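Overview (structure and organization)
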Amino acid sequence: MKLKLFLSIMLLVLSLQLFGTEGLFINEFMANNSSVHSDEIGEFDDWIEIYNSNTYDLNLNGLFLSDDPEVPNKWEFPNISIDSEGFLLFWADSETEQGELHTNFKLDSGGEFLGIFDYDGLAAIDSLSFGQQYNNISFGRFPNGEDSWSHFATPTPNASNNAEEPVTGICINEFMASNLTTISDEFGEFNDWIEVFNAGDEPVDIGGLFFTDNLANPGNWQIPTFDPDATTINPGDYLILWADNDTGQGILHLGFQLDILGEAIGIYNGVTPIDTVTFIEQQTDISYGRIPDGLDIWQTFPLATPGVSNLLSGHNYGDVNDDGEITFDDAELVMQFIVEEVADFEDWQMFVADVDADGQLMAYDAALIWQTAEGLIAEFPIENNDRDLIDSEITI
């Protein structure tokens, strides 16, 4: 028995001398895991992925893993091997009684040190110091074993790390932070809501993206990924999310509520912002949104438009000077812009002046506004460019 043990130790030492411990890396870890990947007994604990970049298997027995540079030999790896170019996951949960893959320390999501140490318990094989980590977002190398680190909205424990695909086209288009009577959810409840608009040319599945009302915590709430039919927004379409902190009601219900006194809303791909908005105190049953859809011009909407274009908020059309009324002054501004080119219109003015909604600003629009000021036209936009309604030749 003693001879067999001696030979085993000698073979281990010989293999280490032949191959060494180079090529071992801390490849990915998660320091704030609430629902992404569970251990063998169903607990969502911190985890650390080790990667063996070598072309040969490597036994970890006698090496150390530590979250304290002053105590490099804090936890000794068990007698376990990592396959060549393979991965092995360890649970940083301070629950060693749960098995040999469970360490005697946890990770600090606020940031700390992490390192692999050699057999002497002193020399570092790989180490890093990391900053603030976020709920259900991992931090890892890409490509595997390289020096470039990224946050991953889609963690890959025990598998190769993948580059995050950029998400474009979607934005926070409108929201209501105090909804008493405007629109109810599928349970008849009047909750805060956020409208997401796809201004791009391709469908976007928001499953896996993060929504937050605290920009310091981009990982506040992750949209589930199990129902892409419910979470995919087609080009030009809108999706309502309920900010009710009642996630048990469905995939489109977020884990936070909006603050009527003012705060922020953000959409994140991992920790990469897709869109954010910071707002001041809001009013009950009055939404705040972009005009036109997707642009950077924000205003309040007494007539909210959840799930449809903000351009349908009616009260904006024709009021070119934004004084709350459609008057001859608005028509005159349009004619000055067209004929004299002395008016410098902002994007929103270009839109609200185009009252026939044909995408062009012409004298016909000024004529329609003029007719409205005389009380002859009740509502904008004029459907189907019905030019029989008025005489487009006017003089202002």
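The rules behind the values
- Residues numbered from 1 in each chain as written.
- Predicted model: local features only at pLDDT ≥ 70, side-chain atom pairs only at ≥ 80, totals over all residues.
- Heavy atoms only, no water.
- Helix = DSSP H or I, 4+ residues; strand = E, 2+ residues; numbered from the N terminus.
- Buried < 20%, exposed > 50% of the residue type's maximum accessible area, 1.4 Å probe, protein only.
- Contact = heavy atoms within 4.5 Å.
- Areas by Shrake-Rupley, 256 points an atom, 1.4 Å probe, with all protein chains shown as cover.
- Salt bridge = Lys/Arg side-chain N within 4 Å of Asp/Glu carboxyl O.
- Core = buried A, V, L, I, M, F, W, Y, C linked by side-chain atoms within 4.5 Å.
- pLDDT = per-residue confidence, 0-100.
- 1 Å grid on protein atoms, 1.4 Å probe; cavity = no way out; pocket = protein on both sides within 12 Å on 5 of 7 lines; lining within 4 Å.
- Points joined across faces, edges and corners; volume = space filled by probe spheres on them.

**Let's talk about the overall build of the protein**
The helix and strand tally for the protein stands at five helices and 22 strands. For the protein, buried positions account for 48% of its 396 residues. Considering only contacts within the protein whose residues lie at least 6 apart along the sequence, 58% involve residues at least 24 apart. When the accessible surface of the protein is summed, it comes to about 18800 Å², and 49% of that surface belongs to carbon and sulfur atoms.

**Quick notes on the pattern of salt bridges**
Considering all chains together, one arrives at five salt bridges under this definition. In this structure, Asp-126 and Arg-141 form a salt bridge, with 2.9 Å as the shortest nitrogen-oxygen distance. Placement of Asp-126 in strand 9 (residues 124-130) and of Arg-141 in strand 10 (residues 138-141) is noted, with a sequence separation of 15 residues between them. Neither residue differs from the other here; Asp-126 and Arg-141 are each classed as buried. The partner of Arg-290 in a salt bridge is Asp-275, and the shortest N-O contact between them spans 2.9 Å. Separated by 15 residues along the polypeptide, Arg-290 in strand 21 (residues 287-290) and Asp-275 in strand 20 (residues 272-279) bring together distant segments of the chain. Ionic contacts of the salt-bridge type, sharing partners, join the residues Asp-126, Arg-141 and Asp-147 into one network.

**Some details on the nonpolar core**
In terms of nonpolar packing, the biggest core is built from 26 residues, with Ile-194, Ile-206, Phe-211 and Leu-241 touching the most fellow members. For this core, the secondary-structure elements that each account for two or more residues are strand 12 (170-176), strand 13 (192-198), strand 18 (238-243), strand 19 (263-269) and strand 20. Beyond its immediate sequence surroundings of up to four residues, Leu-241 is in contact with Asp-192, Trp-193, Ile-194, Val-196, Ile-206, Phe-211, Ile-223, Leu-252 and Leu-254.

**Side note on the environment of Phe-87**
Within the element layout of this structure, Phe-87 appears in strand 7 (residues 87-92). Spatially, the C-alpha atoms of Phe-87 and Glu-28 are 9.9 Å apart, while their sequence positions differ by 59 residues. Residues within four places of Phe-87 in sequence aside, it is in contact with Asn-27, Glu-49, Ile-50, Tyr-51, Ile-82, Asn-144, Asn-158, Ala-159 and Ser-160.

**Comments concerning the confidence of the model for the protein**
Counting all residues, the mean pLDDT for the protein is 88, and 88% of those residues have values of 70 or more. Confidence drops under pLDDT 50 across residues 9-18; counting only partners more than four residues distant or on other chains, this segment forms four contacts. Predicted confidence is poor over residues 384-396, with pLDDT under 50, and the contacts of this stretch with residues over four places away or in other chains come to 24 contacts.

**A short note on the layout of surface pockets**
There is about 230 Å³ of room inside the largest pocket. The space that makes up the second largest pocket amounts to roughly 180 Å³. Contributing elements (two or more residues each) for the lining of the second largest pocket: strand 11 (149-152) and strand 20.

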